[in-house]
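Observations on the model geometry
Now for the letters of each chain:
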Amino acid sequence: MKNISLGVVMDPIANIKPYKDSTFAMLLAAQERGWPIFYFEQGDLFIKDGVAWGKWRRLDLVDNNENWFSFSEEGVSPINEIVNVVLMRKDPPFDMEYIYSTYILEMAEQLGVLMVNKPQSLRDANEKLFTTQFSQCCTTTLVSRSMDDLRAFVVEHKDVIFKPLDQMGGASIYRVQPDDQNISVILENLTAMGLRCTMAQKFIPEISQGDKRILMVDGEVVPYALARIPKDGETRGNLAAGGRAEGIPLTDRDFWICQQVSQTLKDKGLIFVGLDVIGDYLTEINVTSPTCIRELDEIYGLDIAGQLMDAIEARLAN
């Protein structure tokens, strides 16, 4: 398909690490196809008289770790008049400002702009809660604001992970056992004294072998994962928490999990998604700004961002 113009909503590009940034990989793939790129930060989006507008800058990229971007033109326009696809790549926190941005982008979507990922689905698919729609893929799980119920879950299952529903990068994740003297204060903090839902999951010992990030492009699975392996003394594999990365091929169980979620992702317009799998169990479905493109490309000689651009072309053609 010809005449594709791509917009991107992201955190400040000056602050990224190009060698590992998945959004940067996507933008390079678009630029290689000759697509003009229009750059927005969250504060550049607004609604005027019922139309989604944006303050944009034309973006040019160089694939290195110094001086990797430059801006040329700039302007203010209705979003649908300058682009026909937008990558929504703003990192969490998933707060009210993020939600307001999805409403603005949804207005552009209604005028024909393809959104990657679909704004309504970004709101609907909490990255931890969304997994409960695929309970056949998950370890034993409880979501509750009741401190009594969460404490009983620990007594029943002996070794448990508690995590908030609105954090990323392994923040505020706790491993607890029945004799842990800090259970009460952990639950008080996570539930805000019983006012906020928290997730409890039976501990998966295979975390020692890595928290696998599996990427899916419009329902199709990339056949390799990046295993984030915890450092000594940790139960979190997140790279932000000090984990190390190692490429591994997918197992039959991994492919089965991907098959279980694939059609739902396609139907919801979740075109680029990162599944987190520990051992045999799905633990998160990352829809806001999944990462690990550049690492997997480098290890296995892949072109995941190019695959995404192919999917975008196909969606626009249809």
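Further up the page is the structure itself.
One structure accompanies this document, and this report is about it. (Residues numbered from 1 in each chain as written. Predicted model: local features only at pLDDT ≥ 70, side-chain atom pairs only at ≥ 80, totals over all residues. Heavy atoms only, no water.)

Overview of empty space enclosed by the protein
Within the structure shown, the criterion is met by one cavity of 30 Å³ or more. Taken as a whole, the largest cavity spans an internal volume of roughly 50 Å³. Lining the largest cavity are Met-26, Leu-87, Met-88, Arg-89, Val-116, Asn-117, Leu-122, Phe-272, Val-287, Thr-288 and Pro-290. The greatest single-element share of the lining of the largest cavity, amounting to three residues, is contributed by strand 6 (residues 85-89). (1 Å grid on protein atoms, 1.4 Å probe; cavity = no way out; pocket = protein on both sides within 12 Å on 5 of 7 lines; lining within 4 Å. Points joined across faces, edges and corners; volume = space filled by probe spheres on them. Helix = DSSP H or I, 4+ residues; strand = E, 2+ residues; numbered from the N terminus.)

A closer look at unusual backbone geometry
Between Pro-92 and Pro-93 the backbone carries a cis peptide bond, its omega angle lying at 25 degrees. As for its position among the elements, Pro-93 is in the loop between strand 6 and helix 3 (96-109). Note that the residue after Val-116, namely Asn-117, is joined by a cis bond; omega there is 10 degrees. If you check the backbone angles, Asp-218 has positive phi at about 50 degrees while not being a glycine. Tracing the backbone through its elements, the reader meets Asp-218 in the loop between strand 12 (211-217) and strand 13 (220-229). According to the relative accessible area criterion, Asp-218 is buried, its value standing at 12%. (Buried < 20%, exposed > 50% of the residue type's maximum accessible area, 1.4 Å probe, protein only.)

A word on the side chain of Asp-254
By secondary structure assignment, the location of Asp-254 is in helix 7 (residues 252-267). If we skip the residues at most four places from it in the chain, Asp-254 touches Lys-212, Ile-214, Val-277 and Gly-279. (Contact = heavy atoms within 4.5 Å.)

Some details on the nonpolar core
Formed by 39 residues in total, the largest nonpolar core has its most connected members in Leu-6, Leu-27, Leu-308, Met-309 and Ile-312. Apart from residues no more than four positions distant in its own chain, Ile-312 is found in contact with Trp-35, Val-85, Leu-87, Leu-114 and Val-116. (Core = buried A, V, L, I, M, F, W, Y, C linked by side-chain atoms within 4.5 Å.)

As for the sheet that holds strand 10 (residues 174-176)
Ordered by their spatial adjacency, four strands build an open sheet running 8-11-9-10, and the pairing between neighbours is antiparallel. In the strand order of this sheet, the two ends are held by strand 8 (141-144) and strand 10, each with one partner. On average, each strand axis in the sheet is inclined to that of its neighbour by 25 degrees, with strand direction left out of account. As paired strands, strand 9 (residues 160-164) and strand 11 (residues 198-202) are joined by five bridges and run antiparallel to one another. Across the sheet, residue Ile-161 finds its bridge partner in strand 11, namely Gln-201. (Pairing = 2+ DSSP bridges. Axes fitted to C-alpha atoms, helices over the stretch in contact; angles between N-to-C directions.)

Brief notes about helix 7
Working note: α-helix, 3.6 residues per turn, so residues spaced by three or four point in the same direction. A rise of 1.5 Å per residue sets the reference length of helix 7, with its 16 residues, at 22 Å; its end C-alpha atoms lie 24 Å apart and thus fit the reference within 8%. At Val-261, helix 7 shows its strongest bend, of approximately 40 degrees. Turning to helix 7, its buried residues are Asp-254, Ile-257, Cys-258, Val-261, Ser-262 and Leu-265. At the exit of helix 7 stands Gly-269, carrying a positive phi of roughly 70 degrees. (Expected span 1.5 Å × (residues − 1). Bend = angle between axes of the 7 residues up to and from the residue.)

Re the sheet that holds strand 12
Read across the sheet, five strands follow the order 14-13-12-15-16 without closing on themselves; strand pairing throughout is antiparallel. Two strands bound the open sheet, and with one partner strand each, they are strand 14 (244-249) and strand 16 (281-286). Pairwise comparison of adjacent strand axes, ignoring direction, gives a mean angle of 30 degrees for this sheet. Where strand 15 (residues 272-278) meets strand 16, five bridges bridge the pair, whose relative direction is antiparallel. Its bridge partner being in strand 16, Asp-276 is matched across the sheet by Glu-284. Across the sheet, helix 7 lies against strand 12, strand 13, strand 15 and strand 16, angled at about 40 degrees from strand 12, the strand it touches most.

Overview of the pairing of strand 2 (residues 37-40)
Burial of strand 2 is two-sided: the residues Ile-37 and Tyr-39 facing one way and the residues Phe-38 and Phe-40 facing the other way are all buried. When strand 1 (residues 6-10) meets strand 2, the two strands line up parallel, connected through four bridges. Residue pairing for strand 2: Leu-6 is matched across the bridge by Ile-37. Taken together, strand 1, helix 1 (residues 22-32) and strand 2 constitute a β-α-β crossover, and its handedness is right-handed. (Right-handed = clockwise from strand over helix to strand, strands pointing away.)

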